[in-house]
Amino acid sequence: MFEGFELFPKFDWKWSFAFEILPRLLWATLNTLLAAGTGYAIALIIGLLFALAQRTGIRAITLIVREIVEFIRSTPLVVQIFFIFYVGPQFGIRLSPWTSGMIAIGLHYAAYLSEVYRAGLESVPRGQWEACKALNLSMTRTYFRVIIPQALPPALPGMGNYLVGIFKDTPMLMVIGVTELMHAATALGSTYYRYLEPYTMVGILFLLISLPTAFGLRRFESFVAKALGMRK
Amino acid sequence: MQHYLEYLQAYGGRFVDGTLVTIQQTLLAALLAIFVAALFGMMRLSEKWLIRGTSIVYIEFFRGTSLLVQLYWIFFVLPLLGVTFDKFTAGFVAVGLNLGAYGAELVRGSIEAVPKGQYEACHALNMSYYKRMRRIILPQALLLMLPPWGNLLIELLKGTALVSLISVTDLMFEAKQINGTTYLSAESFGTALIIYYLMARVVVSPGMRAFERYWGKKMGRI
Amino acid sequence: MKENFPLNLGSDAPMVRFSKVTKRYGELTVLDSLDLDVQQNEIVSIIGPSGSGKTTVLRMLMTLEEINDGVIYVDGQPLTHMPKNNELIKANEAHLRKMRNNIGMVFQHFNLFPHMTALGNCMEAPMHVLGMSRTEALARSEELLEMVGLADKIHEHPARLSGGQQQRVAIARALAMRPKILLFDEVTSALDPEVIGEVLNVIRSLASEHSLTMLMVTHQMGFAREISDRICFFYEGKIAEEGAPQQIFENPQNERTRQFLSAVLDAN
């Protein structure tokens, strides 16, 4: 199990190597950010569809969508990625690694986001819906002018967490060959037989992006709540 | 359907083997995560900045980087610093440490959520810190944290799938292998997905709910 | 199904007519074959113990709930049903939306939109339901908010207003739609005693100056007596007694009415 511990480890960090691979890693970081952004955008929209589908009042649709959401949330993303990438060719459809990756991540996080949306919508007091009816507002206006602005502030923390989460999950795309950050690091590692610098730098790059983002998101949530007049 | 049944007959055994490894990984990671969460969760509440700071660093580090990166780092890079784990151990250690960080926040949040009145009552009864925590505060905190811990355990289960990437022969590893030889991707990965789903929905969630009911009764809930 | 109910009530119709209206929640019958007429510009107060069906009457008129039996007419036209092939069938959403413009409601818990200012709350429906221009809606809203005594608060959000102020904004908001009928559902029950008066004052001036048909569910007996044209006492889903305020409060005929009034007036 635990094979060894040495007092003077074989730790020999080579700065020259680190700087040599930095450009390639930074370039891959851009790809990672692009993947995270695209996946999140897809998830935002499909998640809303999942959430609204559960509010139609038609039991069959509600139950089916509910089960789909539960299934996606309860199974590993990496297996879903493999599934979508490999299943296509089995039935004649060829999906590129990028496309399958985006579909998999988009669906996975859509399931998470739909729960966040649902909680937000449920938190709006019933009296608001009744006031809209009493004023004879149409359903569209009710949703867009009254309900969603009130459902948004409580939903933002969850949405922010999942933005950071998607970013951290992009390394899984490397298993189907998407050239994001982890993939680049592994390729460099196996080419030069040095994993120390690549993997350490990847870790640091992730921290450098995710920590400030998480902090910035918390500030943004405060700002939105104030801007919508929900705070004194 | 007939075709699928034949498939299961041929490969069912390997799926079972893989599932057993996944279960082992999950249980070991869970034990580690619970220990880490309890330790760092309580450290987070300490008044001494050194203790509190250490736990904040731990929590932010493991929550801010992705599990896959941590896994690879523990398996490939730690040996260079003198700490070598075999792949099975590296697997559940990474998952346990990572999800333990999330668990630490749950522990902290639940302890903070216990009503202040409870502390005041303990103070009035002149209880020591340890008595108070062990007999009054922590049991109540445990009840509060059980629902989100249920979700965390499912995340843990899902996280173990990544250990297949360092060649631990778990459920996903087997599915990948079988897919590699048969090219029956829908059956291979589909079966794996179904097994994960069943473990989450039929074992973990009901199990947690049952424990919640049991503990709730102990805490006096009707 | 609905052959016994006329398709419209003709020119001297009451503003509101409940015709054999029944409402059930599962096993429980909340309103039992209710017949109720409210004439144009009449002010009717509905009183009675909780669970007697008072609020349900308002909610069904506002189409917040569906009725199980009977028909409700507004200004001579059926509300809950619509004519088709010389028969009345259940109204569809389009018909309801058309009819709903005639009815407004003020709620016990105000239900103001927290993310809009007082002015915004009042302008929303006139602009987007009645299709008013921004300038028109603005002018009307300012006028109404001034009328309820909140000219200096029009740019405040509800969170910064007291309960009484919020309820007055709610009244202005309902009035902005120029409904023919205005419903008040226990509008002072959620208010602190000091601010009840300011809301009642607004309602009082509405009653005297404007041509509105008003239907109020209230526990404010003194106020009900002062401004109402008619009092309806509800008991277990039916009108146990109705009549002029003086008659109901001074000389109730029904035993239940007497019991209720003595319990309520004693408490005051």
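Residues numbered from 1 in each chain as written. Chains lettered and ligands numbered in written order. Predicted model: local features only at pLDDT ≥ 70, side-chain atom pairs only at ≥ 80, totals over all residues.

With that settled, the discussion passes to the interface of chain A and chain C. With 18 residues of chain A at the interface, the matching set in chain C holds 22 residues. Among the secondary structure elements, those contributing two or more residues to the side of chain A that touches chain C are α5 (126–134) and α6 (139–169) of chain A. It is α5 of chain A that contributes the most residues to the side of chain A that touches chain C, six residues altogether. For the side of chain A that touches chain C, the class distribution of residues is eight nonpolar, five polar and five charged. (Contact = placed C-beta atoms within 7 Å. Helix = DSSP H or I, 4+ residues; strand = E, 2+ residues; numbered from the N terminus. Nonpolar A, V, L, I, M, F, W, Y, C, P; charged D, E, K, R; others polar.)

Contacts between the two partners involve 37 residues from chain A, matched on the other side by 37 residues from chain B. Listed by contribution, the elements that provide at least two residues to the side of chain A that touches chain B are β1 (2–5), α2 (59–74), α3 (77–90), α6 and α8 (196–227) of chain A. When residues in the side of chain A that touches chain B are grouped by element, the largest group, nine residues, is from α8 of chain A.

Residues and elements named next belong to chain C. Unusually for a residue other than glycine, Asn85 sits at a positive phi of about 50°. Of note, Asn85 is situated in the loop between β6 (81–84) and β7 (87–90). For Asn85, a count of 5 C-beta atoms within 10 Å translates into the label exposed. Unusually for a residue other than glycine, Arg178 sits at a positive phi of about 45°. (Buried ≥ 20, exposed ≤ 12 C-beta atoms within 10 Å, placed from the backbone.)

So, on to the sheet that holds strand β9 (residues 181–185) of chain C. All names here are of chain C. Here we have six strands laid out as an open sheet, ordered β8-β9-β10-β3-β11-β12, and mixed in their pairing. The open sheet has two edge strands with one neighbour each: β8 (103–106) and β12 (238–243). Each strand axis lies, on average, 20° off the axis of its neighbour in the sheet, ignoring direction. (Pairing = 2+ DSSP bridges. Axes fitted to C-alpha atoms, helices over the stretch in contact; angles between N-to-C directions.)

Residues and elements named next belong to chain B. Where helix α1 (residues 2–43) contacts helix α6 (residues 129–159), the axes come no closer than 9 Å and their chain directions differ by 130°. By the angle class used here, α1 and α6 are oblique. Crossing angle aside, the handedness with which α1 passes α6 is right-handed. Contacts from Thr26, Ala29, Ala30 and Ala33 in α1 reach Leu153, Leu156 and Leu157 in α6. Class assignment of the residues belonging to the contact of α1 with α6 gives a composition of six nonpolar, one polar and no charged. (Parallel < 35°, antiparallel > 145°, perpendicular 65-115°, else oblique. Left-handed = near helix turned anticlockwise from the far one by under 90°.)

Membership of the largest hydrophobic core comes to 115 residues, with the highest contact counts inside it found for Val78, Val79 and Ile81 of chain A together with Leu71 of chain B. Broken down by element, this core gets its largest block of residues, 13 residues, from helix α4 (residues 87–113) of chain B. Excluding anything up to four places from it in sequence, Val79 of chain A contacts Ala161, Met172, Phe189, Ala192, Leu193 and Tyr196 of chain B. Judged by nonpolar contacts, the second largest core, of 80 residues, contains Val148, Leu150, Ile154 and Val199 of chain C. (Core = buried A, V, L, I, M, F, W, Y, C linked by C-beta atoms within 7 Å.)

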